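Given next are the chains, with one letter for each unit.
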Amino acid sequence: MRAINLFLGAALLVGCTTTPVTNRTQFMMISPDQEMALGATEAKKVIQSSKIDTDKVLQDRVKRIGQKIAAVSGRSDFAWEFTVIQDDTPNAFCLPGGKVFFYTGILKITENDDQIATVMGHEIAHALARHGAERMSMQTASNVGAQILAAALNIPTQYQNLYAQAYGITSQVGLILPYSRKFEHEADQIGIYLMSKAGYNPAQALKFWENMARISKSSHKPPAFLSTHPADDARIREIRKYIAQLPSTR
Ligand SMILES: [Zn+2]
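Residues numbered from 1 in each chain as written. Predicted model: local features only at pLDDT ≥ 70, side-chain atom pairs only at ≥ 80, totals over all residues. Heavy atoms only, no water.

K.L.:
Please explain the coordination of the zinc ion as it appears in this structure.
P.N.:
Octahedral metal centres with six donors ideally show angles of 90 or 180 degrees, and tetrahedral centres with four donors ideally show 109.5 degrees. His122 (NE2), His126 (NE2), Glu184 (OE), Glu184 (OE) and His229 (NE2) make up the full set of protein donors to the zinc ion, lying at 2.0 to 2.6 Å. Site description for the zinc ion: donor spacing in sequence, H-x3-H-x57-E-x44-H. One end of the pair, His126, is in helix α5 (residues 113-128); the other, His229, is in the loop between α9 (224-228) and α10 (233-244), and 103 residues separate them in sequence. Grouping residues by exposure puts His126 and His229 together as buried. (Donors = N, O, S within 2.8 Å, 3.2 Å for Na, K, Ca; no water. Helix = DSSP H or I, 4+ residues; strand = E, 2+ residues; numbered from the N terminus. Buried < 20%, exposed > 50% of the residue type's maximum accessible area, 1.4 Å probe, protein only.)

K.L.:
What exactly am I supposed to notice about the pattern of salt bridges here?
P.N.:
Two side chains bearing opposite charge may form a pair once their charged atoms approach each other closely. Under the defined criterion, the tally for this structure stands at 15 salt bridges. Here Arg24 ties to Glu134 by a salt bridge, and the two come within 2.9 Å at their closest N and O atoms. Highlighted residues: Arg24 in the loop between β1 (15-18) and β2 (25-28) and Glu134 in helix α6 (residues 131-152), separated in sequence by 110 residues. By relative accessible area, which is 13% here, Arg24 ends up buried. The partner of Glu111 in a salt bridge is Lys207, and the shortest N-O contact between them spans 3.3 Å. With Glu111 in the loop between α4 (104-107) and α5 and Lys207 in helix α8 (residues 203-218), this residue pair connects regions lying 96 residues apart in the sequence. Because the salt bridges share partners, they merge into one network encompassing Arg24, Glu134 and Glu186. (Salt bridge = Lys/Arg side-chain N within 4 Å of Asp/Glu carboxyl O.)

K.L.:
When you look at the sheet that holds strand β5 (residues 99-103) in this model, what are you seeing that I'm missing?
P.N.:
The mixed open sheet is built from three strands, whose spatial order is β3-β5-β4. The sheet is open, and its two edges are formed by β3 (81-85) and β4 (92-95), each paired on a single side. Ignoring which end each strand starts from, the neighbouring axes of this sheet average 15 degrees apart. The strands touched by helix α3 (residues 56-71) within the sheet are β3 and β5, with β3 carrying the most contacts at an inclination of about 145 degrees. (Pairing = 2+ DSSP bridges. Axes fitted to C-alpha atoms, helices over the stretch in contact; angles between N-to-C directions. Contact = heavy atoms within 4.5 Å.)

K.L.:
Would you mind going over empty space enclosed by the protein with me for this structure?
P.N.:
In this approach a probe as big as a water molecule rolls over the atoms, and the regions it shows empty are the leftover space. Across all of its chains, the model carries one cavity of 30 Å³ or more by this definition. Estimates place the volume of the largest cavity at around 40 Å³. Forming the boundary of the largest cavity are Thr118, His122, Asp188, Gly191, Ile192 and Trp209. Of the residues assigned to the lining of the largest cavity, the class counts are two nonpolar, three polar and one charged. (1 Å grid on protein atoms, 1.4 Å probe; cavity = no way out; pocket = protein on both sides within 12 Å on 5 of 7 lines; lining within 4 Å. Points joined across faces, edges and corners; volume = space filled by probe spheres on them. Nonpolar A, V, L, I, M, F, W, Y, C, P; charged D, E, K, R; others polar.)

K.L.:
How do you make sense of the confidence of the model for the chain when you look at a structure like this?
P.N.:
Summing up the model confidence of the chain, the mean pLDDT is 84 and the portion of residues at 70 or higher is 77%. No element of the chain has a lower mean pLDDT than helix α1 (residues 2-13), which averages 49, and none a higher one than α3, which averages 98. Low pLDDT (under 50) marks residues 7-12, which in the prediction has four contacts with non-local residues, meaning those over four places away or in another chain. Within the model, the stretch residues 172-178 combines pLDDT values under 50 with nine contacts to residues more than four positions away or in other chains. (pLDDT = per-residue confidence, 0-100.)

K.L.:
What am I meant to see in the environment of Ile192 here?
P.N.:
Among the secondary structure elements, Ile192 is positioned in helix α7 (residues 157-197). Residue class for Ile192 comes out buried when judged on its relative accessible area of 4%. Each C-alpha atom of the pair Ile192 and Gln204 lies 9.8 Å from the other, and the pair is twelve residues apart in sequence. Apart from residues no more than four positions distant in its own chain, Ile192 is found in contact with Pro202, Ala205, Ile239, Tyr242, Ile243 and Leu246.

K.L.:
Sorry, what's going on with the packing of aromatic side chains here?
P.N.:
Scanning the entire structure with this criterion turns up five aromatic pairs. Measuring from centroid to centroid gives 6.1 Å for Trp80 and Phe82, while their planes differ by 5 degrees, and the two rings are stacked. In this pair, the class of Trp80 matches that of Phe82, namely buried. Ring geometry for Phe93 against Tyr103: centres 6.2 Å apart, planes inclined by 75 degrees, an arrangement best described as edge-to-face. Highlighted residues: Phe93 in strand β4 and Tyr103 in strand β5, separated in sequence by ten residues. Per residue, the accessibility class of Phe93 equals that of Tyr103, and both read buried. (Phe/Tyr/Trp six-rings, centres within 6.5 Å; stacked < 30°, edge-to-face > 60°.)

Written out as structure tokens, the structure reads:
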């Protein structure tokens, strides 16, 4: 019964949305409002737990690049904010609603404004394409699916959670993990489109990811950013393709 209620509850929220630029249909169980609220809460937590960099020149530089990309994103409804955090970990991310954080660690790898725009475009693309919400939707769906199946198979209630977990693991390997590479490629494609539209040189995206690949090969302890953003041949090959596909008139 609980499974049925869950299913009905979820079914009411289920919908499909479409990604910008790539026009891919997404399965979505989270509303934009819910997603924005999550983003705002997370942003507060990040600011409270981090050291904001005091270098005003650097803050202004990242903000200027961010604003140029935000201006071509078509999301004037986002509450855009760009913050540099004093942290040697190479990392950057954009929360739903447009709160962008750059760690000083990634700014030590980027060689020029075009490469900062590469990372900026990529991270903003994840938020525009609602990748976080899509991932959460898929996880919820696989849990609901597991509970319905458990109920149908008459698995006693006390074992249903265990079953859901086991089922969740299987669905993750089959459904969710391959998606994250897909999300990465999609964020590259949208990001390169945005940086180019904002007037930055897309050839520098290739340069940046080639540098990342070199760092990843030469270092014993590759940066954390590389574990979620593998800089391998597949990525570089796709990036070349996205650059070649850009409209010739910017
Ligand atoms: Zn990414």
